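Residues per chain are reported as follows:
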Amino acid sequence: MTVDSATPRSRRAILAASVGGAAAFVANALSRATPASAADGQTMVVGGEYSASSKTFLGISANDYAFWGASDINIGVVGTSGSSSGVQGESNSGTGVYGYGGTSGVGVRGDSPGSFGVWGSSANNYGVYGTTSFPGPAIKGTGLSGVEGEATSGWGVYGHSSSSVGVKAASDTGTGIDVTVGADASGISSQVGPNLVVRPAKTAVYGRSVVDSGSRGVTGETTNGRGVNGIASNGRGVHGQASSGRGVHGQATSGRGVYGFATTGTAGYFERDAGATGTALRAVGPVKLDNCAGVATVASGTNTVAVTPGIDLTASSAVVATLMGDAGGSTVVKRVSVNASTNVLTIILSANSTKNVKVAWHVFN
């Protein structure tokens, strides 16, 4: 028989021949004693393609690699499977699969055309855990993040849980979640309900709920700090808007439902649309005004009482004062004198009071 060396054999032909040869080898091996497959110093055949009906096992007792695959320009080791794992790594106390990318490569990479690129699962610890030793803030694309997700049109990072938290962020001394958005991008967008999320541009955090009145777009909770903290240099730290409900709702059992503080500006400012019929400020229940309102007592036999409200008084400060009792005869409040330099106001009656009498006062502006 003449062999045509110019015509290369196909992969299928080689595999078929290998299977046939392996079957003959197995049949021959059954008729004789089975020696050790290999030992130190024995020959290992390299090159070519082979097929076997049993696994090939390399074991080593020394502190060294059991198998090393290296390539200067291509893949060091390739594992493929039609329906199971292409490569599986296992370790009792170390790392099952370890990838090292050197100074500029990728340590471990997973690609899939129709399923998960990388899948991590654990019975009692993290499914996927990423860490970085860089001390500074993470910057997109620089590899300084413990875990970074990026997508062209889908989700960069997606977290889902059937009974617990989908995504949880925590920090010992820094920020749990730090969101930076581009000129026309939205940062964190969330929704409760079946409808699609409308993501407004230039929004760092967006929460929306369309289920019922008991659901919440964004909820912040803390035991002794800030449940939600909003900071803005010249815009809005926190902005709430509602068509028919509450733009911002604050509730407290024993503290403050809503608290506003300002250094040089206005702690609380309420404005009604000029063309609307709504109310700028409405209170249901007692209203308490500290420092700008109070009660003073005019002593019997006198017609004046000086009050130091504890706020800065100006030339435009307006004061309203009303007697809360009978000062005798037709005695009434005659006028109020305001001293802006000493921040003292003086309530003056029309005559000396015949007894101690209380006067209610209120400062505006």
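In this text the structure is predicted, and so the values were computed from the model without any measurement. (Residues numbered from 1 in each chain as written. Predicted model: local features only at pLDDT ≥ 70, side-chain atom pairs only at ≥ 80, totals over all residues. Heavy atoms only, no water.)

### A look at the overall build of the protein chain
- From N to C terminus, the protein chain includes one helix and eight strands.
- In the protein chain, the succession of helices and strands from N to C terminus is α-β-β-β-β-β-β-β-β.
- In the protein chain, buried positions account for 7% of the 365 residues.
- Put simply, of all contacts in the protein chain between residues at least 6 apart along the chain, 44% involve residues at least 24 apart.
- Entry remark: accessible area of the protein chain is about 30500 Å², with carbon and sulfur atoms responsible for 49%. (Helix = DSSP H or I, 4+ residues; strand = E, 2+ residues; numbered from the N terminus. Buried < 20%, exposed > 50% of the residue type's maximum accessible area, 1.4 Å probe, protein only. Contact = heavy atoms within 4.5 Å. Areas by Shrake-Rupley, 256 points an atom, 1.4 Å probe, with all protein chains shown as cover.)

### As for the pattern of salt bridges
- For the structure on display, the rule yields one salt bridge.
- A salt bridge links R109 to D111; the shortest N-O distance between them is 2.8 Å. (Salt bridge = Lys/Arg side-chain N within 4 Å of Asp/Glu carboxyl O.)

### Quick look at the environment of G120
- Position of G120 relative to the elements: it lies in the loop between helix 1 (11-29) and strand 1 (186-192).
- On the basis of relative accessible area, G120 is assigned to the partly exposed category, the value being 31%.
- Beyond its immediate stretch of four places on either side in the chain, G120 contacts G127 and V128.

### Examining the sheet that holds strand 8 (residues 357-364)
- Taken together, three strands build an open sheet; the order of strands is 3-8-5 and the sheet is antiparallel. Unpaired on one side and paired on the other, strand 3 (293-298) and strand 5 (318-323) mark the two borders of the sheet. Across the sheet, the mean angle from the axis of one strand to that of its neighbour is 25°, orientation sign disregarded.
- Two elements, strand 3 and strand 8, share six bridges in a ladder whose sense is antiparallel. By the bridge assignment, V298 is partnered in strand 8 with V357. (Pairing = 2+ DSSP bridges. Axes fitted to C-alpha atoms, helices over the stretch in contact; angles between N-to-C directions.)

### So, the packing of aromatic side chains
- Taken as a whole and judged by the stated rule, the model has three aromatic pairs.
- The interplanar angle of 85° and the centroid separation of 5.0 Å between the aromatic rings of Y65 and W68 together place this pair among those described as edge-to-face. (Phe/Tyr/Trp six-rings, centres within 6.5 Å; stacked < 30°, edge-to-face > 60°.)

### Let's talk about a nonpolar patch on the surface
- Residues M44, V46, L58, F67 and V77 make up a contiguous nonpolar surface patch of about 540 Å² in total accessible area.
- Relative to the helices and strands, M44 resides in the loop between helix 1 and strand 1.
- Judged by relative accessible area, M44 falls into the exposed class, the value being 56%. (Patch = residues over 30% accessible without salt bridge, like charges linked within 9 Å, V, L, I, M, F, W, Y side chains within 5 Å.)

### So, unusual backbone geometry
- Located in the positive-phi region is N291, a residue other than glycine, with phi close to 75°.
- Look at N291 and you get partly exposed, because its relative accessible area is 40%.
- Residue N343 is not a glycine yet carries a positive backbone phi of 55°.

### Concerning the environment of S71
- The residue S71 is located in the loop between helix 1 and strand 1 in this model.
- Using a relative accessible area of 33% as the deciding quantity, one classes S71 as partly exposed.
- In terms of polar contacts, S71 uses its side chain to reach the backbone amide nitrogen of N74, at 3.0 Å. (Polar contact = N/O pair within 3.5 Å; in protein donor to acceptor, adjacent residues only side chain to side chain.)

### Description of the side chain of S317
- Of note, S317 is situated in the loop between strand 4 (304-307) and strand 5.
- Within the structure, the side chain of S317 is placed 2.9 Å from the backbone nitrogen of T314, a separation counted as a polar contact.
- At 3.2 Å, the side chain of S317 forms a polar contact with the backbone oxygen of N365.
- Those residues in contact with S317 that lie beyond four places of it in its chain are V363, F364 and N365.

### Comments concerning the nonpolar core
- Residues V298, V307, L345, I347, W361 and V363 are the most contacted members of the largest nonpolar core, which totals 15 residues.
- Among the secondary structure elements, those contributing two or more residues to this core are strand 3, strand 4, strand 5, strand 7 (344-349) and strand 8.
- Ranked by the residues each element gives to this core, the list is headed by strand 8, at four residues.
- When neighbours within four sequence positions are excluded, V363 is seen to be in contact with C292, I311, L313, S317, A318, V319 and L345. (Core = buried A, V, L, I, M, F, W, Y, C linked by side-chain atoms within 4.5 Å.)

### As for the sheet that holds strand 6 (residues 333-339)
- The sheet built from three strands is open, its strands ordered 4-7-6 with antiparallel pairing. Two strands close off the open sheet at either side, each with one partner strand: strand 4 and strand 6. On average, each strand axis in the sheet is inclined to that of its neighbour by 15°, with strand direction left out of account.
- The pairing of strand 4 with strand 7 spans four bridges and is classified as antiparallel. Along strand 7, the bridge assignment pairs A306 with T346.

### Quick look at the confidence of the model for the protein chain
- For the protein chain, the mean per-residue pLDDT works out to 79, and 77% of the residues sit at or above 70.
- Scored below 50 in pLDDT, residues 1-35 shows 13 contacts in the model against residues more than four places distant or in partner chains. (pLDDT = per-residue confidence, 0-100.)

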